Amino acid sequence: MKRLLTRHETYVFLAIVAFSIVITVINPSFFTLENLFDLLKSYSLMGTFAIGMLFVLISGGIDISFTAIATITGYTIAVLLLKYGESLNIVSVFLIAGGIGILLGLFNAAIIYFFKIPSIITTIATLNIYYGILTVVSKGKWLYGFPTWFGDFNNIRVFTLYTPDGIPYGLSIITVIWFALILIGWFILRYTILGRSIYAMGGNPASAQRAGFNLLGLNLFVYSFMGLMAGIGSVIQALLVQTVAPNSLVGKEMDVIAAVVLGGASLTGGTGSMLGTILGVTLIAIMGNGLTLMHVSSLWYKVIIGFVILVSVGVSAYRNKRSTRKHIITEVN
Amino acid sequence: MLRKFSHFLVLSVVMVFIMLLMWGFTGNDFMNLGNFQSMAYQMPELGVLSLAMMIAMLTSGINLSIIATANLSGIVIALILTNTLSADNGSAGTIWVVALAILAGLIVSALVGALNGFLIAVLDISPILATLGTMIMVSGISIVLTEGYVISGFPPAMLAIGNGDLLGIPVPILVFLACAGVMSVILNNTPLGTRIYLLGSNPVACFYSGVDNRAVLFRTYIISGIYSGVAAVIMISRFNSAKADYGESYLLLTVLAAVLGGVSAAGGFGKVSGLFLSLVILQMISSGLNLMGISNFLTLALWGIVLIVVMVINYFIENQQQKRRIA
C-alpha cells in the first residue's frame with residue numbers, strides 16, 4: 001500500500017477514476033462498452049506515438065520530428081496504395097511504413113550521437129527538413145480513394161456486439177495492434193537488457209558509457225524505434241480516416257509529449273513506465289471524450305486540458321520536492 | 001570567449017555566403033532596396049518572438065507558451081479596439097485608445113509570464129512542462145474569448161505599427177531593433193543579465209554565490225512574456241486581425257533561430273548579436289527562395305539544413321580547439 005502511494009501512476013489512475021465517475025453521473029452513456037471501444041480505437045494513434053515517445057524520453061532525449069516522419073511514411077504508403085493497391089496487403093503496408101520510419105529515425109540518431117547536438121535541436125531541424133521536403137514533393141495534395149481491402153481492414157472487429165438498436169460495435173483490430181505494441185514495448189523495457197540499458201543511459205549517460213553500455217547502439221535503437229512507431233502510427237491514421245493529408249499530424253507533437261509526461265515520464269530521462277504512459281493517454285482521452293459527453297462546449301477543451309496538465313505536473317513536482325527534503329534529512333541524521 | 005567569437009564568425013561567413021548565393025540566383029531582384037525593405041517588414045515577428053525564447057533558453061529553460069501568449073494579448077488588444085472604436089475612427093482620441101489597448105495587451109502577456117515564473121520558480125516545475133501546460137491553457141482561453149473566430153478591423157493608428165515607415169525605414173524593424181537593444185542592455189549591463197547567464201551555466205554555483213535563483217527565473221519569464229506581447233502588437237497589426245491560432249508554426253522556429261544564433265540549449269551562452277545574424281540569415285533564405293518562386297515549405301527544409309550544418313561546423317571547431325588546448 002505504501003509503495004502504491006509513492007508511485008506517480010497511482011495518482012493518474014485516481015484522477016482517471018474521479019473523472020470517470022463525474023462524467024458517468026452527468027452522462028451515463030460514457031460508461032458503456034460501446035463508448036469504451038470507440039475511445040480505444042480513436043486514441044490508438046496517439047497511444048502508438050506515445051509508446052515511441054516513452055522510449056525516447058526514458059533515454060534522456062526527445063523527438064519532435066515524429067509527426068513529420070509519420071507524415072512521410074503515411075504519404076508514401078498512400079501513394080503506393082493508389083498505384084499498386086491490389087497487389088499490396090496490410091502486412092506489406094506496415095512493413096514499408098515501419099521501414100521508412102526506422103530509416104528516418106536512424107538519421108536523427110546519427111546526427112544526435114556523432115555531432116553531439118542536443119536531441120531537441122536536431123529533431124526540430126529534421127522536423128522542418130522532413131516536413132518541408134514532403135510538402136514540396138506532395139504539393140500539399142490530399143490522397144484518398146484507397147483500395148477496398150484497406151477500408152475493410154479498418155472495420156474488422158475481433159468480436160462484435162450489438163446495441164439494443166442493432167448497431168454493431170466491438171473491439172477493433174486497430175486497438176488490438178496498439179495493445180500488441182504496448183506489450184512489446186513493456187516487455188522490452190522491463191525484461192530485456194536492452195530496455196534496462198535505456199534506463200541506464202537516461203539516468204546518467206556518462207556512467208552508462210563507463211559501465212560499458214554501447215551508447216551509439218542504444219541511441220540508434222531508441223530513435224529508430226520512435227521512427228517505427230511513427231510509421232505504424234501513420235498507417236493507423238490512414239486506416240482510421242481513409243485519407244492522407246500532409247498537414248494532418250505536424251503540430252500535434254506536444255499533445256503526445258504531454259500525454260507521456262502526464263504518465264510520469266521525466267524529461268530529464270531515466271524514469272517512465274509503460275503503465276504510466278497508457279494511463280496518461282487514457283486520461284487525455286477520457287477528458288476529451290467526457291467533455292463532449294457532458295455537453296461542455298468544445299471551446300473549453302484546451303483550457304481544461306492545460307489546467308489538468310499544470311495541476312498534475314505541479315503536484316508531482318511538489319511531491320518530488322518533499323521526498324528530496326525527507327531524503328536529505330534522513331541522510332543528515 | 002574564443003567559442004563565442006568563432007560562432008559569430010561562422011554566422012557572418014554563412015550570411016555572406018547566402019547573400020552571394022541569392023544574389024547569384026536572382027540577380028538584382030535580391031540586391032535592391034525594395035527587397036531589403038520587405039525583408040525588414042517580415043523579420044520582426046519571428047525576431048521579437050525569438051528574443052522571448054532566447055531569454056528563457058539562457059536560464060537553461062524554454063518557453064513554449066510564447067505564441068499562445070502573443071495570440072492572447074493580440075486578442076485582448078483586438079477586442080478592446082473593436083469594441084471601443086466602432087463609430088469614430090478618425091478622432092484624436094483614437095491614438096490614446098490604441099495606446100491603452102496595447103498597454104492592456106502587454107499587461108496580459110506579463111501576467112502569463114508571471115504565471116510561468118510562478119510555476120517554474122516557486123513550484124519547481126521543469127520549464128518545458130510548465131510552459132507546455134500554460135501554452136495549452138492560454139490558447140484555450142484565446143479560443144474561448146474569440147469562439148474560434150477572427151477579430152479584424154483596426155484603426156489606422158494600429159495598422160501603422162506593422163505597415164508604416166519612418167523615413168523609409170519600416171516601423172516593425174524599428175520596434176524589433178528597440179527590443180533587441182533593450183534585451184542586449186538587460187543581458188549585458190544589468191545585474192539581472194549577469195545572473196541570468198550565471199544561473200544558466202550553473203544554477204547551484206549561482207545559488208551559493210548569493211543569488212536568489214527564484215527571483216531571477218521569475219523575472220526572466222515575465223520579460224519573456226512581455227516580449228511575446230510586443231510580438232503580438234506587430235503581428236496583429238500586420239495581419240489587421242487577431243485569432244487564437246495565428247503563428248503556431250513559429251514556435252519551433254524561434255528555438256531554431258535562437259540555437260542558430262549561438263544560444264546554447266543547455267543555457268548560459270548566447271548573445272543578441274548572434275541571434276540577429278541568425279534571423280537575417282533565415283530571412284534572406286526565405287526571401288531569396290520566394291523571389292525564385294520556390295515553395296515556402298522548401299524554405300522550412302533549408303532552415304533545418306542550415307541549422308544542422310552550422311551546429312556540425314561548430315562541433316568540428318570546438319573539437320579542434322579542444323585538441324589544441326590539450327596539445
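Bear in mind the structure is a predicted one, so any value in this text is a computation, not a measurement.

Q: What is the right way to read the overall build of chain B from this model?
A: Looking only at helices and strands, chain B features 13 helices and four strands. Here the C-alpha atoms of chain B give a radius of gyration of 20 Å, agreeing with the 20 Å that 2.2 N^0.38 yields for 327 residues. Counting only C-alpha atoms, chain B reaches 75 × 55 × 35 Å along its principal axes. Classification of the 327 residues of chain B by burial places 50% in the buried group. Sequence separation of 24 or more characterises 79% of the internal contacts of chain B that already satisfy a separation of 6 or more.

Q: What am I meant to see in the overall build of chain A here?
A: Along chain A, the regular secondary structure elements total 15 helices and four strands. Taken over C-alpha atoms, the radius of gyration comes to 21 Å for chain A, in line with the 20 Å a tight globule of 333 residues would show. Across its three principal axes, chain A shows a C-alpha extent of roughly 70 × 55 × 35 Å. Taken over 333 residues, chain A has a buried fraction of 44%. Long-range contacts, defined here as pairs at least 24 residues apart, represent 76% of the contacts in chain A between residues at least 6 apart.

Q: What exactly am I supposed to notice about the pairing of strand E2 (residues 157-162) of chain A here?
A: In summary, the side chains of a regular strand alternate between the two faces of the sheet. Residues and elements named next belong to chain A. Burial analysis of E2 places just zero of its six residues in the buried class, a small minority of the element. Here E2 pairs with strand E3 (residues 168-172) via five bridges, running antiparallel. Opposite Phe159, over in E3, you have Leu171 as the bridge partner. Turn length for the E2-E3 hairpin, with the two strands adjacent in sequence and antiparallel, is five residues, and the turn residue Gly166 shows positive phi of about 90°.

Q: Help me understand the interface of chain B and chain A in this model?
A: Accessible area lost during the coming together of the parts is what is often quoted as the interface size. Tallying the contact residues gives 39 residues for chain B and 39 residues for chain A. Secondary structure elements with two or more residues in the side of chain B that touches chain A: helix H5 (127-146), helix H11 (250-260) and helix H13 (296-326) of chain B. With 13 residues, the top contributor of residues to the side of chain B that touches chain A is H5(B). Grouping the amino acids of the side of chain B that touches chain A by side-chain chemistry returns 28 nonpolar, eight polar and three charged.

Q: Honestly, the packing of helix H7 (residues 119-138) of chain A against H11(B) in this entry has me stumped. Any pointers?
A: Each pair of packed helices gets described by two things: the angle between the helix axes and the distance between those axes. Between H7(A) and H11(B), the least distance of the axes is 10 Å, while the angle of their chain directions is 120°. Considering the angle they form, H7(A) stands oblique to H11(B). The interaxial crossing formed by H7(A) with H11(B) has left-handed handedness. Residues A:Ile121, A:Ile124, A:Ala125 and A:Leu127 of H7(A) form the contact with H11(B), whose own contacting residues are B:Leu252, B:Val255, B:Leu256 and B:Val259.

Q: Help me understand helix H5 (residues 66-84) of chain A in this model?
A: Residues three or four positions apart in an α-helix share a direction because the helix packs 3.6 residues into each turn. With 19 residues, H5(A) extends 26 Å from end C-alpha to end C-alpha; this agrees with the ideal 27 Å at 1.5 Å per step. Burial within H5(A) is extensive, with 14 of its 19 residues counted as buried.

Q: Would you explain the confidence of the model for chain A in this entry?
A: Low pLDDT means the predicted atomic positions in that stretch should not be read closely. Taken over all residues, the pLDDT of chain A has a mean of 86, while the share at 70 or more is 95%. Within the model, pLDDT remains below 50 along residues 329-333 of chain A, and this stretch shows zero contacts once partners closer than five positions in the same chain are excluded.

Q: Please clarify how the environment of A:Met274 should be interpreted in this entry.
A: Residues and elements named next belong to chain A. Here Met274 shows up in helix H14 (residues 274-293). Met274 sits in the buried class, given 23 other C-beta atoms within 10 Å. In this structure, the C-alpha to C-alpha distance between Met274 and Asn214, residues 60 residues apart in sequence, is 23 Å. Met274 has contacts with Leu54, Ile182, Gly185, Trp186 and Leu189, leaving out every residue within four places of it along the chain.

Q: Any chance you could explain the confidence of the model for chain B here in plain terms?
A: Summing up the model confidence of chain B, the mean pLDDT is 85 and the portion of residues at 70 or higher is 96%. Confidence estimates for the predicted assembly give a pTM of 0.85 and an ipTM of 0.82.

Q: So what exactly am I meant to see when it comes to unusual backbone geometry here?
A: Glycine aside, residues mostly have negative phi angles, and peptide bonds mostly take the trans form. A positive phi is found at A:Gln242, a non-glycine position, where the angle reads about 55°. A residue is classified by how many C-beta atoms lie within 10 Å of it, and A:Gln242, with 14 of them, is partly exposed. Backbone geometry places B:Asn240, a non-glycine residue, at a positive phi of 55°. When you line up the elements, B:Asn240 lands in the loop between helix H10 (213-239) and strand E4 (241-242).

Q: Is there a simple way to think about the environment of A:Phe30 in this case?
A: All names here are of chain A. When you line up the elements, Phe30 lands in the loop between helix H2 (8-26) and helix H3 (33-42). In this structure, the C-alpha to C-alpha distance between Phe30 and Val311, residues 281 residues apart in sequence, is 24 Å. Once you skip the residues sitting within four places of it in the chain, Phe30 turns out to touch Ile23, Thr24, Asn35, Gly290 and Leu293.

Q: I'm lost on the environment of A:Ser197 in this one. Help?
A: All names here are of chain A. For Ser197, the location among the structural elements is in helix H10 (residues 193-203). Along the backbone, Ser197 and Leu215 are 18 residues apart, and their C-alpha atoms lie at a distance of 9.0 Å. Excluding its chain neighbours within four sequence positions, the residues that come into contact with Ser197 are Phe213 and Leu218.

Calculation criteria
- Residues numbered from 1 in each chain as written.
- Chains lettered and ligands numbered in written order.
- Predicted model: local features only at pLDDT ≥ 70, side-chain atom pairs only at ≥ 80, totals over all residues.
- Helix = DSSP H or I, 4+ residues; strand = E, 2+ residues; numbered from the N terminus.
- Rg over C-alpha atoms; globule rule 2.2 N^0.38 Å.
- Buried ≥ 20, exposed ≤ 12 C-beta atoms within 10 Å, placed from the backbone.
- Contact = placed C-beta atoms within 7 Å.
- Pairing = 2+ DSSP bridges.
- Nonpolar A, V, L, I, M, F, W, Y, C, P; charged D, E, K, R; others polar.
- Axes fitted to C-alpha atoms, helices over the stretch in contact; angles between N-to-C directions.
- Parallel < 35°, antiparallel > 145°, perpendicular 65-115°, else oblique.
- Left-handed = near helix turned anticlockwise from the far one by under 90°.
- Expected span 1.5 Å × (residues − 1).
- pLDDT = per-residue confidence, 0-100.

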